[in-house]
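# Architecture and fold: a report
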Amino acid sequence: MGIKKFYTCKYDRPFKEIMLKKENEDILKWFLEDILEVKIENIQIKNIEMNTGNIHIKRKYADIVLEANAFKIEIEINAWNEDYVKPRNMAYLCNIYTNHTMVGESYNDDVPIIQINFSYGLKGREKKRVYKVQDERGKLFVENFLIYEINMEYYKKIWDNGDEKEIRENKYYIMLDLEEKELKEISKEDKVVERYMEEIVRVNSSAEFQEFMSVEEDQRKIRNSRIRAMEKKAEEKGMK
């Protein structure tokens, strides 16, 4: 019998299983406050099913959609840095922006519409980038359209380098992609990491979760194999 794979919060399903649990709201709140650099007073989780407005197009599912303070926030977990990720995520955020704008009595940009991306596989050195809609001189087109990209590779390097001080200062980001044995190393004297470890172990112990993730991963591998096969055929035709 093969060794069961341990799925960290690098994957969207375990991230949602833990962060959408009411008892863990303080962990989600910590990330929001650290990323947005504001004090979060309240969090309301919204329906993640997003209406496309077209009956011929299947519905889209964002990872997490919530309201915090006066913000509308969507969170995406990007386990791979593939070409489709940014256009897909932009579509999700634009959908939220459109729905918010059309529902109101007037067109305004008073409410920040924000997407937070926890992104793996990035090559940049910055730990966080903030994207806005603006011209080449930095003049904003609208005030309330913001995308935060968290470079999770930045935190993985801190762990790999083994600097205890840096690990201690960044442990909440680092813990998201650690397995149980590694989590035990940084959970000492930190109740948040300890509770997170208990939660991620609990999620991975579920037979239903393991089955779901195995099927999802298998589908991803099949899809990638088909794409590579088509690319190879295209290259061969081009050579001929």
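Residues numbered from 1 in each chain as written. Predicted model: local features only at pLDDT ≥ 70, side-chain atom pairs only at ≥ 80, totals over all residues. Heavy atoms only, no water.

## What to know about the nonpolar core
Here is the rule: The criterion is simple. A nonpolar core is a set of buried Ala, Val, Leu, Ile, Met, Phe, Trp, Tyr and Cys residues joined through side-chain atoms within 4.5 Å. The buried label goes to any residue with under 20% of its type's maximum accessible area, the exposed label to any with over 50%, and the partly exposed label to all in between, with areas taken from a 1.4 Å probe on protein chains only. Only heavy atoms matter for contacts: two residues are in contact if any of them lie within 4.5 Å across the pair.
The biggest cluster of nonpolar side chains holds 50 residues, and the ones touching the most others in it are L32, I73, I75, I116, F118, M175 and L176. Among residues more than four places away in sequence, those in contact with L176 are T8, C9, K10, F15, M19, F31, F118, Y120, M152 and Y196. Formed by 8 residues, the second largest nonpolar core is a distinct cluster that contains L93, I96, Y97 and I113.

## Quick notes on the side chain of N89
Quick reminder of the rule: Segments assigned H or I by DSSP are reported as helices when at least four residues long, segments assigned E as strands when at least two residues long, and all are numbered from the N terminus. N or O atoms closer than or at 3.5 Å make up a polar contact, with two conditions inside protein: a donor-capable atom paired with an acceptor-capable one, and, for residues adjacent in sequence, both atoms drawn from side chains.
Examined against the element boundaries, N89 turns out to sit in helix α3 (residues 85-103). By relative accessible area, which is 3% here, N89 ends up buried. A distance of 3.1 Å separates a polar atom in the side chain of N89 from a polar atom in the side chain of N78.

## Some details on the pairing of strand β8 (residues 145-151)
Under the convention used in this document: Here, strands pair whenever DSSP counts at least two bridges between them.
For β8, a buried count of 7 out of 7 residues is recorded, marking the element as mostly surrounded by other parts of the structure. Burial of the side chains of β8 extends over both faces: F145, I147, E149 and N151 are buried on one face and L146, Y148 and I150 on the other. Bridge count between strand β6 (residues 113-119) and β8: 7 bridges; the pairing is parallel. Of the residues in β8, the one forming a bridge with I113 is F145. Bridge analysis of strand β7 (residues 128-132) against β8 gives 5 bridges, and the strand direction is antiparallel. Across the sheet, residue R129 finds its bridge partner in β8, namely E149.

## Description of the packing of aromatic side chains
We apply this condition: Think of it this way: a Phe, Tyr or Trp ring, Trp meaning its six-membered ring, pairs with another when their centres are within 6.5 Å, and the plane angle makes it stacked under 30 degrees, edge-to-face over 60, tilted otherwise.
Applying the stated criterion across every chain yields a total of 12 aromatic pairs. Here Y97 and F145 contribute two aromatic rings whose centre-to-centre distance is 5.6 Å and whose plane-to-plane angle is 55°, an arrangement assigned as tilted. Of the two residues, Y97 is situated in helix α3 and F145 in strand β8; the sequence distance between them amounts to 48 residues. Given the relative accessible area of 17%, Y97 is considered buried. Among the residues examined, F145 registers a relative accessible area of 9% and is labelled buried. Ring pairing ties together the aromatic residues F15, W30, F31, F118, Y154, Y155, Y172 and Y173, which thus form one cluster.

## Considerations on the sheet that holds β8
Hydrogen bonds along the backbone pair up the strands of a sheet, which may run parallel or antiparallel. Rules: Every angle, taken between N-to-C directions, lies between 0 and 180 degrees, and every axis is a line fitted to C-alpha atoms, over only the stretch in contact when it is a helix.
Taken in spatial order, the 6 strands make up an open sheet running β1-β4-β5-β6-β8-β7, and their pairing is mixed. Looking along the sheet, the strands with just one partner apiece sit at the ends: β1 (43-45) and β7. Strand-to-strand, the axes of this sheet are offset by a mean angle of 25°, without reference to chain direction. Here 5 bridges tie strand β4 (residues 64-68) to strand β5 (residues 71-78), and the two strands are oriented antiparallel to one another. Bridging across to β5, V65 finds its partner in E74.

## A closer look at the environment of Q115
Structurally, the position occupied by Q115 is in strand β6. Each C-alpha atom, one on Q115 and one on Y148, is 6.1 Å from the other, the two residues being 33 residues apart in sequence. For Q115, the residues in contact, after removing those within four places along its chain, are E74, E76, N89, Y92, L93, L146, I147 and Y148.

## Regarding the pairing of β6
Burial runs high along β6: 7 of the 7 residues are buried. What you see with β6 is no split at all: I113, Q115, N117 and S119 on one side and I114, I116 and F118 on the other are buried throughout. Pairing geometry for β5 and β6, over 7 bridges, is parallel. Bridge pairing in β6 links E74 to Q115.

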